[in-house]
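What follows is each chain in one-letter form.
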Amino acid sequence: MSSVRESAELFAPSPDVVAQANVTSYEELARWAERDLEGFWAAQAEQFVWLQKWDRVLDDSNKPFYKWFVGGKTNIVHNCLDRHLTTWRRNKLALIWEGEDGDLRTFSYHALNREVCKFANVLRSMGVTRGDRVTIYMGRVPELPIAMLACAKIGAVHSVVYGGFSVEALHGRIEDSQSNVCITCDGGYMNGKIVELKKIMDEALKRSPTVEHVIVLRRTGQDVAMEAGRDYWWHDLMALPIARSATGNRSDTAVMDAEDPLYMLYTSGTTGKPKAILHTHGGYMVGIGTTLRWVFDLKEEDRWWCAADPGWVTGHSYIVYGPLLLGATSFMYEGAPTYPYPNRWWSMVEKYGINVLYCAPTAIRGLMRFGEAWPNRHDLSSLRLLGSVGEPINPEAWRWYHRVIGKERCPIMDTWWQTETGMFMITPLPVTNLKPGSATYPFPGVEAEVYDEHGKPVAAGEEGYLVLKRPWPAMLRTIYKDPDRYVSQYWSRFPGVYFTGDSARRDSDGYFWIIGRVDDVIKVSGYRLGTAEIESALVSHPAVAEAAAIGLPHEVKGNAIHTYVILRAGHEPSEGLMEMLRQHVAHELGPIARPEKITFVPALPKTRSGKIMRRVLRARALGLAEGDLTTLEE
Ligand code: WT7
């Protein structure tokens, strides 16, 4: 989407924000990190508790398999929970949660730790040990972070599958991760309706019979099938004596190597097979703790709300781990932003006195449609900083967010990063002058560059491929079980540098403007989907012979999925069939993947080697020049 135009406007952060910012000078930090990358990150790592100090900050002897804080021992949970329990923070709220139905639950650090310890004991009693993968497929409930933290605590590797995904997506992820234990809910509330998570899990498990145990949290209360010997209720397990160890509710936190895996998270790429991005205990902790502290400037007394889903990397880094590392108070909401009315978010900002709000442009655009009257009913004066993530924010949405929500007092931190980067990479700091639609500058220690086709830096103002030239502590370490794909996907396009998959432009002031994906990835409402995944879901329907998916601009979603389908002999195009196919994709992958439009076609533009030329489809749909067609088969 290239609707984001460079704008001449410059917004200076308000003096209030600057006066109390955790960071005083971007330039100073950037210079320090440039001069001494290892010293810079070592100083940040010192802020966390290590059970044994590292021998080396960065090991780059086997590029691109970088290692950070080698020899160091810690556990991210030791820093998220354990260390707070011996301080006054034991009684501070770690989590405030509101259900879509208005339920309110709060957890102090003490209470959160108690639940995590009990659940860790439950997992241990099921035989889950260090290095085992556990799939978590839940709604947005407090037990989701509890389950993640419990896995991390015992050294197991969690694989959270977003609760909006469906049967095939879930099945593929369970299978690839070889999880023996899965955790789910009976259902989740979304928009006043129940998403039947357990039912989807059951269907997925029919295709993955190796799973031994399923733990089911009761949230929505409808009847669900429980398979004897395989399925257990969360509340039954938590009531067993086994949930309590000899030391009360304490359960020992496993001592991990800095480089031990913490979690894997599947994300879409160029093939139909999603890849599991692997993150670690040590470097990831240092990266996300540091970025959250500096970018969103969290203060001890702040209430932080990251409105993403915990099932995506944004939630992993900045709902679950980041805020707890800083000992912050985090707010989490279960449901839809417009339920029951479009003031839901704003009423919660007022009710809980939220100080920092971080969300996606699609949410802003969606809420903007309902007009200013909804937010204007509420006292939003607690807000100090705002944030944006997931896709480029168009200047209109930026200005609305800034004026109507932030009352022109709150700077907007437009953070560019990825599942793979783990942490913010190109982002303003509270002291940065902002240009609406630009993610501004690389975080200190990050070296970003825009390359042409041949790996040469382009001139200011020109568009090219966004690359990262220096390693960073929260970087992905590999793709689970597929190190070759890690190398080919990220480090081969331009040898020795990390290729992001995005195109970007740097203006003459050095500001970065992210344009969008240049690979076969579509960002729909900030969600990342692979064209190949959508195509294979379509082709799995008996009526479909071939399919192609592309993204086209959409006012609220940023991009919408448009598909082209060749039917098998004996099937005729019809409205009914089109609806059935859209439904089929939603059933297989999830409602977010439901195509906006399906066009039945007799043929698809292909190269001589048979590869679908999606750019030709896009150009035709947008009425643009079709570009170089020399490889197009007649
Ligand atoms: C892709 C990564 C990072 C958490 C959520 C998404 C796009 C992300 C921005 C931004 C413009 C952005 C990029 C990137 N993206 N943030 N601030 N401005 N584009 O993680 O699902 O791995 O997607 O999201 O295209 O490559 P993800």
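The structure this text deals with has already been given above.
Rules of the game
Residues numbered from 1 in each chain as written. Predicted model: local features only at pLDDT ≥ 70, side-chain atom pairs only at ≥ 80, totals over all residues. Heavy atoms only, no water. Salt bridge = Lys/Arg side-chain N within 4 Å of Asp/Glu carboxyl O. Helix = DSSP H or I, 4+ residues; strand = E, 2+ residues; numbered from the N terminus. Buried < 20%, exposed > 50% of the residue type's maximum accessible area, 1.4 Å probe, protein only. Polar contact = N/O pair within 3.5 Å; in protein donor to acceptor, adjacent residues only side chain to side chain. Contact = heavy atoms within 4.5 Å. Near = heavy atom within 4 Å. Areas by Shrake-Rupley, 256 points an atom, 1.4 Å probe, with all protein chains shown as cover. Nonpolar A, V, L, I, M, F, W, Y, C, P; charged D, E, K, R; others polar. Pairing = 2+ DSSP bridges. Axes fitted to C-alpha atoms, helices over the stretch in contact; angles between N-to-C directions. Expected span 1.5 Å × (residues − 1). Phe/Tyr/Trp six-rings, centres within 6.5 Å; stacked < 30°, edge-to-face > 60°. Parallel < 35°, antiparallel > 145°, perpendicular 65-115°, else oblique.

Help me understand the pattern of salt bridges, please; the structure alone is not making it clear to me.
Pairs may arise between side chains of opposite charge once their charged atoms sit close together. On inspection of all chains with the given rule, the structure shows 45 salt bridges. Across the pair Glu9 and Arg399 runs a salt bridge, and its minimum N-O distance is 2.9 Å. Within this pair, whereas Glu9 is found in the segment before helix 1 (15-20), its partner Arg399 is found in helix 15 (residues 395-405), the two being separated by 390 residues in sequence. When its relative accessible area of 33% is taken as the criterion, Arg399 is described as partly exposed. One salt bridge in this structure joins Arg384 and Asp302, with 2.8 Å as the shortest N-O distance. With Arg384 in the loop between helix 14 (373-376) and strand 19 (385-389) and Asp302 in the loop between helix 10 (282-295) and strand 16 (303-306), this residue pair connects regions lying 82 residues apart in the sequence.

I keep staring at the side chain of Thr432 and nothing clicks. Help me out?
Along the chain, Thr432 turns up in the loop between strand 20 (412-415) and strand 21 (448-451). Of the residues examined, Thr432 reaches a relative accessible area of 6% and is grouped as buried. A distance of 2.8 Å separates a polar atom in the side chain of Thr432 from the backbone nitrogen of Leu429. In this view, Thr432 contacts Phe11, Pro13, Thr440 and Tyr441; residues no more than four positions away in its chain are not counted.

Would you explain the site of the ligand in this entry?
Asp414, Thr419, Asp502, Lys523 and Arg528 are the nearest of the 17 residues found near the ligand. In this structure, Gly390 approaches the ligand through a main-chain N or O atom, which is 3.1 Å from a nitrogen atom. Within the side chain of Arg517, a nitrogen or oxygen atom sits 2.8 Å from an oxygen atom of the ligand. Across the complex, the protein chains shield 96% of the 550 Å² of accessible surface that the ligand would expose by itself. If you list the elements that add at least two residues to the shell around the ligand, you get helix 11 (313-325), strand 20 and strand 24 (512-517). Broken down by class, the residue content of the shell around the ligand amounts to six nonpolar, five polar and six charged.

Which parts of the structure should I look at to understand the sheet that holds strand 21?
Strands in a sheet are paired, the pairing made by backbone hydrogen bonds, and the direction either parallel or antiparallel. The four strands are arranged 21-22-23-24 in an open sheet whose pairing can be described as antiparallel. Of all the strands in the sheet, just strand 21 and strand 24 have a single pairing partner and so form its edges. In this sheet, adjacent strand axes meet at a mean angle of 45 degrees when their direction is disregarded. Here strand 22 (residues 463-468) pairs with strand 23 (residues 498-506) via five bridges, running antiparallel. Each bridged residue has a counterpart across the sheet, and for Tyr465 the counterpart in strand 23 is Ser503.

I would appreciate a short explanation of helix 18 (residues 575-588) in the present structure.
A turn of α-helix holds 3.6 residues, and therefore any two residues three or four places apart point the same way. The end-to-end C-alpha distance of helix 18 is 20 Å, a good match for the 20 Å that 14 residues give at a rise of 1.5 Å each. All buried positions along helix 18 are accounted for by Leu577, Met578, Leu581, Arg582, His584, Val585, Ala586 and Glu588. The elements touched by buried residues of helix 18 are helix 7 (167-177), helix 17 (531-539), strand 27 (544-554), strand 28 (558-567) and strand 29 (597-600). In the stretch just after helix 18, Gly590 is the one whose phi turns positive, near 135 degrees.

Please clarify how unusual backbone geometry should be interpreted in this entry.
Among all residues except glycine, the phi angle is most often negative; among peptide bonds, the trans geometry is most common. For the bond from Lys63 to Pro64, the omega torsion is 0 degrees, close enough to zero to count as cis. Take Pro64: it is sitting in the loop between strand 1 (56-59) and strand 2 (67-70). Look at the link from Tyr339 to Pro340: it is a cis peptide, with omega at -10 degrees. In this structure, Pro340 sits in the loop between strand 17 (329-333) and helix 12 (344-352).

How should I be thinking about the side chain of Thr419 in this particular structure?
On the secondary structure map, Thr419 appears in the loop between strand 20 and strand 21. Discounting residues that sit within four places of it in the chain, Thr419 has contacts with Leu265, Thr267, Ile277, His279, Val313 and Arg528.

Is there a simple way to explain the sheet that holds strand 17 in this structure?
Sheet architecture is open: seven strands sit in the order 5-4-17-16-18-19-20, paired in mixed fashion. The open sheet has two edge strands with one neighbour each: strand 5 (104-108) and strand 20. In this sheet, neighbouring strand axes are inclined to one another by 20 degrees on average, regardless of whether the strands run parallel or antiparallel. Looking at chain direction, strand 16 and strand 17 are connected through three bridges and run parallel. Across the sheet, Trp305 pairs through a bridge with Phe331, a residue of strand 17.

Just to check I follow, could you spell out the packing of aromatic side chains for this structure?
Each aromatic ring pair is described using two quantities: the centre-to-centre distance and the angle formed by the ring planes. Within the structure shown, the criterion is met by 45 aromatic pairs. Pairing Tyr26 with Tyr441 gives two aromatic rings, centres 5.3 Å apart and planes at 15 degrees, and the pair type is stacked. Of this pair, Tyr26 sits in helix 2 (residues 26-35) while Tyr441 sits in the loop between strand 20 and strand 21, and the two are 415 residues apart along the sequence. The class of Tyr26 is buried, set by a relative accessible area of 15%. Note on Tyr490 and Tyr498: the rings are 5.3 Å apart at their centroids and 10 degrees apart in plane angle, and the pair reads as stacked. When sorted by exposure, Tyr490 lands in the same class as Tyr498, which is buried.

How do you make sense of helix 6 (residues 143-154) when you look at a structure like this?
Compared with the 16 Å implied by 1.5 Å per residue over 12 residues, the 16 Å span of helix 6 between its first and last C-alpha is a close match. A large share of helix 6 lies buried, amounting to 12 of its 12 residues. Along helix 6, the residues classified as buried are Glu143, Leu144, Pro145, Ile146, Ala147, Met148, Leu149, Ala150, Cys151, Ala152, Lys153 and Ile154. Two residues or fewer after helix 6 comes Gly155, characterised by a positive phi angle close to 85 degrees.

Can you help me understand the packing of helix 3 (residues 37-45) against helix 10 in this one?
Between two packed helices, both the angle of their axes relative to each other and the distance between the axes serve to describe the pair. Axis separation between helix 3 and helix 10 bottoms out at 9 Å; the angle between their running directions is 85 degrees. In terms of orientation, helix 3 and helix 10 fall into the roughly perpendicular class. Where helix 3 approaches helix 10, its residues Phe40, Trp41, Gln44 and Ala45 are matched on the opposing element by Val286, Gly287, Thr290 and Trp294. Class assignment for the residues of the contact of helix 3 with helix 10 results in five nonpolar, three polar and no charged.

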